[in-house]
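# Structure assessment
The chain contents come next:
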Amino acid sequence: MKLLPISLLILALATVTTFAYDPSPLQDFCVAINDPKVFVNGKFCKDPKQVTADDFLFKGLRYPGNTANPLGSKVTPAFVDQFPGLNTLGISMARVDFAPGGLNPPHTHPRGTEILVVAEGTLLVGFVTSNQLNNTLFTKVLYKGDVFVFPIGLIHFQLNIGKTPALAFAALSSQNPGVITIANAVFGSKPPISADVLTKAFQVDKKVVDYLQAQFWYDNN
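A short tour of the structure in this document, coming up.

The rules behind the values
- Residues numbered from 1 in each chain as written.
- Predicted model: local features only at pLDDT ≥ 70, side-chain atom pairs only at ≥ 80, totals over all residues.
- Heavy atoms only, no water.
- Helix = DSSP H or I, 4+ residues; strand = E, 2+ residues; numbered from the N terminus.
- Contact = heavy atoms within 4.5 Å.
- Phe/Tyr/Trp six-rings, centres within 6.5 Å; stacked < 30°, edge-to-face > 60°.

This part takes up the environment of alanine 185. Topologically, alanine 185 is positioned in helix H2 (residues 182-187). When the C-alpha atoms of alanine 185 and histidine 107 are compared, they prove to be 9.5 Å apart, with 78 residues separating the residues in sequence. Apart from the residues lying within four places of it in its own chain, the contact partners of alanine 185 are Ile180 and Ile193.

Spelled out as C-alpha cells, the structure:
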C-alpha cells in the first residue's frame, strides 16, 4: 500500500481547515459583549459564569417585517449584533418578508454563504457568477418548502412573483456575513463615487449617473 506524500497530507489538512469561514471557537461559547473603546475582529466574550439560557434565545424572527417601502421587502437579521449568543459559532439567520412584487435587491454577503428556504409564497431567485465564469446567471422559481443556496460573495436577489405576500428564512455561514447592496454601494456611497468613473464603467451619459446618484437608495436591512 502506497502512502501519500507528506506534502499532500499537509495540503489536505489545510484545505479542510479553510472550509469554515469564521474561526473555530476555542471554548463552548463566547456570548458577545460590546466594548466601544476597543475594536477587535469579532466580539469580546461575556463572563461564562454570567451567561444564561436567554443569551442563546432570539425572538426577533417571530414578527413580520414592515414591507411598506420602495422595495416592498424587509430583512430582519439575526446576526451577532442582534443575537450575541452567535459569537464565534460561525452561523446566523435572517427573516425576509415580501409584499406582492417585493424585491430583495441584488446584493452580496462578503463573509458568508446563504441558504434560503421559502416558507410562504413564490420567489424568483438567482445569483451571478464572477468574471472568471463569464458572469453567468443561475436562476430558479421557488415554491413553499424549496431551498436554494447562494455561494459566498456572489451577487444574488429574490423577487416575489406571486400575488400574495411571501416569506423566506435564510441561514448564513458567518456570525456577521455582511451585506453590500449593489445599487446603494455604487450610486449611494458617501462621499459619492466620481461621475467620471461611473459614466465610463456603465457607458452611460453623465445625466444618467447624476440622476441615479440623486435618488434615495432605500436599505431594506
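Before going further, it helps to examine the environment of alanine 78. With respect to the helices, strands and loops of the structure, alanine 78 is situated in strand E3 (residues 73-78). The spacing of alanine 78 and methionine 93 is 15 residues in sequence and 5.1 Å in space, taken between C-alpha atoms. If we ignore the near neighbours within four places in the chain, the residues touching alanine 78 are Phe58, Leu61, Phe83, Leu86, Ser92, Met93 and Ala94.

Moving on, we come to the packing of aromatic side chains. One pass over the full model with this rule turns up six aromatic pairs. Judged by centre distance (5.3 Å) and plane angle (20°), the rings of phenylalanine 127 and phenylalanine 138 are stacked. A residue pair is termed long-range when its members are at least 10 positions apart, and phenylalanine 127 in strand E7 (residues 123-128) and phenylalanine 138 in strand E8 (residues 137-142) qualify at eleven residues. Consider the rings of phenylalanine 187 and tryptophan 217, whose centres lie 6.1 Å apart with planes at 25°: the pair is stacked. Separated by 30 residues along the polypeptide, phenylalanine 187 in helix H2 and tryptophan 217 in the segment after helix H4 (206-213) bring together distant segments of the chain. Following the ring pairs from residue to residue traces out a cluster consisting of Phe127, Phe138, Phe148 and Phe150.

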